[in-house]
Amino acid sequence: MADTSDTRTPAQIEADIRRRREMLGETLDEIGVRVHPKTIVGDAKARVVSNIDHTLGRAYVGVNRAVTDVKAQFVDEEGAPRLERVVPVALVVVGVVGLLALGTRRRKG
């Protein structure tokens, strides 16, 4: 059989009980804060904001990369426009705008 005798004095036992009650009280306070509706809502908001920030950051990096890639197609390393690429695109844009303008005039007339 195991020895269950306690060699502590009554004062030591009372001090131990007091310390454990304080620890239990702190634990219950922490649990109360964690399960409080305001805490739960605040934590949920923080997670949503974090996810949005992360998503926006990734989107920014993606858009920035795409803009850099497109820019590289129309500008050389020194920053001068690549006319062999700019002129055809400009002509296509002017043609599309012209067709849209003609289509709008025909519907009105």
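Keep in mind it's a predicted model, so treat the numbers as computed, not measured.

1. So, the overall build of the protein
What the protein contains, in helices and strands, is three helices and zero strands. N-terminal to C-terminal, the α/β element order of the protein is α-α-α. Its C-alpha atoms give the protein a radius of gyration of 36 Å, clearly above 13 Å, the size a compact globule of 109 residues would have. Of the roughly 10,000 Å² of accessible surface on the protein, 63% is carried by carbon and sulfur atoms. For the protein, the centre of its 18 positive side-chain charges and the centre of its 15 negative side-chain charges are spaced 16 Å apart.

2. Structural notes on the pattern of salt bridges
Considering all chains together, one arrives at five salt bridges under this definition. Here Arg 8 ties to Asp 16 by a salt bridge, and the two come within 2.9 Å at their closest N and O atoms. Residue classification places Arg 8 among the partly exposed positions, given a relative accessible area of 36%. Judged by its relative accessible area of 10%, Asp 16 is buried. Notably, a salt bridge pairs Arg 19 with Asp 16, separated by 2.5 Å at the nearest N-O pair. Taken together, the positions of Arg 19 and Asp 16, both in helix α1 (residues 10-35) and three residues apart, correspond to about one turn of that helix. Owing to a relative accessible area of 45%, Arg 19 belongs among the partly exposed residues under this scheme. What you see here is one network of salt bridges that share partners, running through Asp 6, Arg 8, Asp 16, Arg 19 and Arg 20.

3. Some words on the packing of α1 against helix α2 (residues 37-74)
Running from amino to carboxyl end, α1 crosses α2 at an angle of 60°, the nearest separation of the two axes being 4 Å. Taken together, the axis directions place α1 and α2 in an arrangement best described as oblique. The residues of α2 that touch α1, namely those facing Val 33, Arg 34 and Val 35, are Pro 37, Thr 39 and Ile 40. Here the contact of α1 with α2 is built from residues that sort into four nonpolar, one polar and one charged.

4. Observations concerning a negative patch on the surface
A cluster of acidic residues, Glu 22, Glu 26, Asp 29 and Glu 30, forms a negative patch at the surface. With respect to the helices and strands, Asp 29 occurs in helix α1.

5. Some details on the confidence of the model for the protein
When pLDDT is averaged along the protein, the result is 90, and 94% of the positions lie at 70 or above. Within the protein, the lowest mean pLDDT, 88, falls on helix α3 (residues 83-108), and the highest, 95, falls on α1.

6. Some words on a nonpolar patch on the surface
Among the surface-exposed residues, Leu 24, Leu 28, Ile 31, Val 35 and Ile 40 lie close enough to one another that they form a single nonpolar patch of about 460 Å² accessible area. Ranked by residues supplied to the nonpolar patch, first place goes to α1 with four residues. Within the fold, Val 35 resides in helix α1. Classification of Val 35 as exposed rests on a relative accessible area of 53%.

Basis of the calculations
Residues numbered from 1 in each chain as written. Predicted model: local features only at pLDDT ≥ 70, side-chain atom pairs only at ≥ 80, totals over all residues. Heavy atoms only, no water. Helix = DSSP H or I, 4+ residues; strand = E, 2+ residues; numbered from the N terminus. Rg over C-alpha atoms; globule rule 2.2 N^0.38 Å. Areas by Shrake-Rupley, 256 points an atom, 1.4 Å probe, with all protein chains shown as cover. Lys, Arg positive; Asp, Glu negative; His and termini not counted. Charge placed at Lys NZ, Arg CZ, Asp CG, Glu CD. Salt bridge = Lys/Arg side-chain N within 4 Å of Asp/Glu carboxyl O. Buried < 20%, exposed > 50% of the residue type's maximum accessible area, 1.4 Å probe, protein only. Axes fitted to C-alpha atoms, helices over the stretch in contact; angles between N-to-C directions. Parallel < 35°, antiparallel > 145°, perpendicular 65-115°, else oblique. Contact = heavy atoms within 4.5 Å. Nonpolar A, V, L, I, M, F, W, Y, C, P; charged D, E, K, R; others polar. Patch = residues over 30% accessible without salt bridge, like charges linked within 9 Å, V, L, I, M, F, W, Y side chains within 5 Å. pLDDT = per-residue confidence, 0-100.

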